[in-house]
Amino acid sequence: MNLCDRETLRALLGRHGFHFSKSMGQNFLTDPAVPAEIAAASRADRNCGVLEIGPGVGCLTAELAGRAGKVVSIELDKKLLPVLGETMAPYDNVEIVPGDALKLDLQALAAEKFAGLRPLVCANLPYNITTPVLTKLVEAACFESITVLLQKEVARRLAARQGSSGGGAFTLWLQYHMETEVLFDVTAEKFFPAPKVDSAVLRCVRREKPAVEVEDETFFFRCVRGAFLLRRKTLANSLSAALPEIGKEQIQAAMTSLGLPEGVRGEKLTLQDFAALAGFLGETVNGPARGPAPTERL
């Protein structure tokens, strides 16, 4: 069965009485070359266990099954479960897990399902859950790589060069933990129904250690988030609003000591810059034991 053929898709979905849900961001691939390229980009082999989120009708799942030792696909939409029961029947190394990926313990799931295998992630992610899903996958700290199809603009932002205007607080958080790279674009007409924007494949590879060494990770990310709190303002103004316990004069003094221009904005700093700044300011204030990933609308 060609799961990327539009007529086959219509017949399959009609047979099961399936209707698309806009709230779930359901867009199925219709070019068979794309799921094949995404699966190849994941670099999965028989020694790997691949976690997929949102398999749809299973076109990417099938490609992954031909490469990986095992594929576990989490599907939230109960109406797709009988569809996947039909399309994935030929693959004995595929398991469909009903549920919400944002509520499941992904670390425990990987440990249970992928014993003896190297865990990876490969998925066509719904646009509306990109940030929380990536955060959860990175914080699970058990996946060697994450290869995902995302909105093109978001993928570009998450792989933006540090110190450029293309990134944000979440970009830096992700690049602190992972090496990121945009591999290729996928145009809107290769989906059914077609979304309003193009997509791109982002590959994230876990670093052996964080990109920079910091004394206090929580305070470090308070500084990163604070620098983007008032994005149109200068770094000093934005940080003074985010760190009220530190005076603006102290922030400016720290910037001067580190050779940062007085009018610089947070987007111009690299992770190394933030590590130095947080180390300097950290002598003035201590943050809580641990903080969450920076969040922003992508």
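Here the structure is a predicted model, which means the values were calculated and not measured.

Basis of the calculations
- Residues numbered from 1 in each chain as written.
- Predicted model: local features only at pLDDT ≥ 70, side-chain atom pairs only at ≥ 80, totals over all residues.
- Heavy atoms only, no water.
- pLDDT = per-residue confidence, 0-100.
- Contact = heavy atoms within 4.5 Å.
- 1 Å grid on protein atoms, 1.4 Å probe; cavity = no way out; pocket = protein on both sides within 12 Å on 5 of 7 lines; lining within 4 Å.
- Points joined across faces, edges and corners; volume = space filled by probe spheres on them.
- Nonpolar A, V, L, I, M, F, W, Y, C, P; charged D, E, K, R; others polar.
- Helix = DSSP H or I, 4+ residues; strand = E, 2+ residues; numbered from the N terminus.
- Polar contact = N/O pair within 3.5 Å; in protein donor to acceptor, adjacent residues only side chain to side chain.
- Phe/Tyr/Trp six-rings, centres within 6.5 Å; stacked < 30°, edge-to-face > 60°.
- Buried < 20%, exposed > 50% of the residue type's maximum accessible area, 1.4 Å probe, protein only.
- Disulfide = S-S within 2.5 Å.
- Pairing = 2+ DSSP bridges.
- Axes fitted to C-alpha atoms, helices over the stretch in contact; angles between N-to-C directions.
- Arc of directions from axis to C-beta.

Comments concerning the confidence of the model for the chain
In the predicted model, the chain carries a mean pLDDT of 93, and the fraction of residues at 70 or more is 95%. Across residues 287-291 the pLDDT falls below 50, and counting only partners more than four positions away or on other chains, this stretch makes 9 contacts in the model.

Points about the layout of surface pockets
Space inside the largest pocket adds up to approximately 470 Å³. Among the residues making up the lining of the largest pocket, the classes are represented as 18 nonpolar, 10 polar and 3 charged. Within this model, the second largest pocket holds a volume of roughly 340 Å³. Along the walls of the second largest pocket sit 14 residues, with Lys22, Gly25, Asn27, Tyr127 and Pro195 positioned nearest its centre. For the lining of the second largest pocket, a count of residues per class yields 7 nonpolar, 5 polar and 2 charged.

Structural notes on the environment of Arg118
Looking at the secondary structure, you find Arg118 in strand E5 (residues 118-124). Sequence separation between Arg118 and Gly69 is 49 residues; the distance between their C-alpha atoms is 9.3 Å. Ignoring any residue separated from it by four or fewer positions in sequence, one finds Arg118 in contact with Asp45, Asn47, Cys48, Gly49 and Glu144. Looking at Arg118, its side chain comes within polar contact range of the side chain of Glu144, at 3.2 Å.

A short note on the packing of aromatic side chains
If you walk through the whole model with that rule in mind, you get 8 aromatic pairs. Judged by centre distance (5.6 Å) and plane angle (35°), the rings of Tyr176 and Phe220 are tilted. You can see Tyr176 sitting in helix H8 (residues 169-177) and its partner Phe220 sitting in helix H9 (residues 217-227), a full 44 residues away along the chain. Across the pair, exposure class does not vary: Tyr176 and Phe220 are buried alike.

As for the state of the cysteines
All told, the structure shown has 0 disulfides when counted by the stated rule. Left unpaired, Cys59 is separated from the closest cysteine sulfur, that of Cys4, by 4.2 Å. Exposure remark for Cys59: the relative accessible area of 11% places this residue in the buried category.

Section: unusual backbone geometry
Cis geometry marks the peptide bond from Phe192 to Pro193, where omega comes out at -10°. Its location among the elements puts Pro193 in the loop between strand E8 (191-192) and strand E9 (199-206). Look at Arg43: it is not a glycine, yet its phi comes out positive at around 60°. By secondary structure assignment, the location of Arg43 is in the loop between helix H2 (33-42) and strand E2 (48-53). The phi dihedral of Ala141 falls on the positive side, at around 60°, and the residue is not glycine. If you trace the backbone, Ala141 turns up in the loop between helix H6 (130-140) and strand E6 (145-151).

So, the sheet that holds strand E7 (residues 178-186)
Taken in spatial order, the 7 strands of this open sheet run E4-E3-E2-E5-E6-E9-E7, and their pairing is mixed. Among the strands making up the open sheet, the edge pair consists of strand E4 (94-98) and E7. Each strand axis lies, on average, 20° off the axis of its neighbour in the sheet, ignoring direction. Sheet analysis places E5 next to E6, joined by 4 bridges and oriented parallel. Paired with Val121 across the strands is Ile146, a residue of E6. Strands E2, E5, E6, E7 and E9 of the sheet are contacted by H6, whose axis makes an angle of about 180° with E6. Relative to E7, H8 is tilted by about 115°, and along the sheet it contacts E7 and E9.

A short note on H2
Structurally, the α-helix is built with 3.6 residues per turn, so residues lying three or four positions apart point the same way. Of the residues making up H2, those classed as buried are Val34, Pro35, Ile38, Ala39, Ala41 and Ser42. When H2 is viewed along its axis, its buried side chains cluster within an angular range of 160° and face the same direction. Where H2 is buried, its residues meet strand E1 (28-29), helix H3 (59-65), E5, E6, E7 and E9. Residue Arg43 follows H2 closely and has a positive phi angle near 60°.

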